[in-house]
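# A look at the structure
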Amino acid sequence: MSKSKYLNDEMRWAAVQRRDAAADGEFFYSVRSTGVYCRPSCGARPALRANVAFHASTADAEAAGFRACMRCKPDQPPLAERHAAMVGEMCRLIDASESEPDLAALAEAAGMSRFHFHRIFKSVTGLTPKAYAAASRKQRMQTGLAAEASVTDAIYAAGFNSSGRFYAATPGALGMTPSAFRAGGAGARIRFAIAQCSLGAILVASTEKGICSILMGDDPEALARDLQDRFPKAELVGAEPEYDRLVAQVIGFVEAPEIGLDLPLDVRGTAFQQRVWQALREIPAGRTVTYSELAEIVGAPRGARAVAGACAANAIAVAIPCHRVVRNDGSISGYRWGVERKAALLEREGAK
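Residues numbered from 1 in each chain as written. Predicted model: local features only at pLDDT ≥ 70, side-chain atom pairs only at ≥ 80, totals over all residues. Heavy atoms only, no water.

Taken as a whole and assessed by the stated rule, the structure comprises seven salt bridges. Among the ionic pairs, Arg341 bridges to Asp218, the shortest N-O distance being 2.7 Å. Of this pair, Arg341 sits in helix 15 (residues 339–349) while Asp218 sits in the loop between strand 7 (211–217) and helix 10 (220–230), and the two are 123 residues apart along the sequence. Classification of Asp218 by relative accessible area gives exposed; the value is 70%. A salt bridge links Glu349 to Arg324; the shortest N-O distance between them is 3.0 Å. Here Glu349 is found in helix 15, whereas its partner Arg324 is found in the loop between helix 14 (304–313) and strand 10 (325–326), with 25 residues between them in sequence. Here Glu349 falls in the buried class, since its relative accessible area comes to 11%. Look at Arg324 and you get buried, because its relative accessible area is 5%. (Salt bridge = Lys/Arg side-chain N within 4 Å of Asp/Glu carboxyl O. Helix = DSSP H or I, 4+ residues; strand = E, 2+ residues; numbered from the N terminus. Buried < 20%, exposed > 50% of the residue type's maximum accessible area, 1.4 Å probe, protein only.)

Right, dumping it as structure tokens:
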């Protein structure tokens, strides 16, 4: 136990008394009166200090004649890991199902009550089982539209029981008709322009619904290729004089974020990504949050990594201000358009 940050029995006992989950794995404690050993975070009835001993490992505790607590299961992986493994298995079950499994069936497969399963699933993924199933079906829908011989074939490959339900679900998921999506955006008209701002080249693109991309970089041609890769068969329309006014508004917002950007956005992503992006839009200029704090805001306290992935997937720079998310220690990292641009944006916003 000399390598543990809990340097003496007094510190270990204090961790046990407050049921400190951060101490799990650092040491274990046994209770002489019950003959069991536990994690520091165990929720069992508090033991008397005189009956408690500390052990560096489960092997040490068992060698001393104690058995694992049935409540906190110290001889198994930590609860968070067990929950993550269970949720991963349920996600695979949902992904493989031809139709959406109901909550009761999923909870039974997980060996939990419906309420407990629903809460654990959402805490790990940031989505309810129903929302995850919808996102999974959306992914199959997109894959099917690209691979199947017809839209009808894709409807049933994605797990929809009728074409009506399919067409009702597709506008929000695809941003265009299924046929247009299947054809790589064929038939969709996307206006765009590339200009220069203080942060380098900037590309602004919009559909009839609103701005669908704000991209930044050093190479204007690379930005155009990025847009084309997203919509390989859409009609990309550039160099329209009246569009310059919209681009000027966007550049003005990049240069002075406090003025705001009162323009509609065409935001496309999974249910979870859209929750993250909406939360980002509610962070005022001059403020930052950590990935962990943002995960709490969107209702996924263990989903910091998923939140970081949603930030990385954002294709509407500055208007969806993923640059306002920083590491837990306040340092800057992980920006799609370069950490230097992220630092510059935060500096001009006077971020705190």
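A complete count under the given rule lists six aromatic pairs for this structure. Judged by centre distance (6.3 Å) and plane angle (85 degrees), the ring pair of Phe28 and Tyr37 falls under edge-to-face. On the accessibility criterion, Phe28 (9% relative accessible area) is buried. Between the aromatic rings of Tyr335 and Trp337, the centroid separation amounts to 5.4 Å while the plane-to-plane angle is 70 degrees, which identifies the pairing as edge-to-face. Exposure remark for Tyr335: the relative accessible area of 8% places this residue in the buried category. Connected via pairs of aromatic rings, a cluster forms that spans Tyr6, Phe27 and Phe54. Directly above the ring of Trp13 sits Arg49, whose terminal nitrogen or CZ lies 5.6 Å from the centroid. (Phe/Tyr/Trp six-rings, centres within 6.5 Å; stacked < 30°, edge-to-face > 60°. Lys NZ or Arg CZ within 6 Å of the ring centre and 35° of its normal.)

Function-wise, these values are silent; they only describe arrangement.
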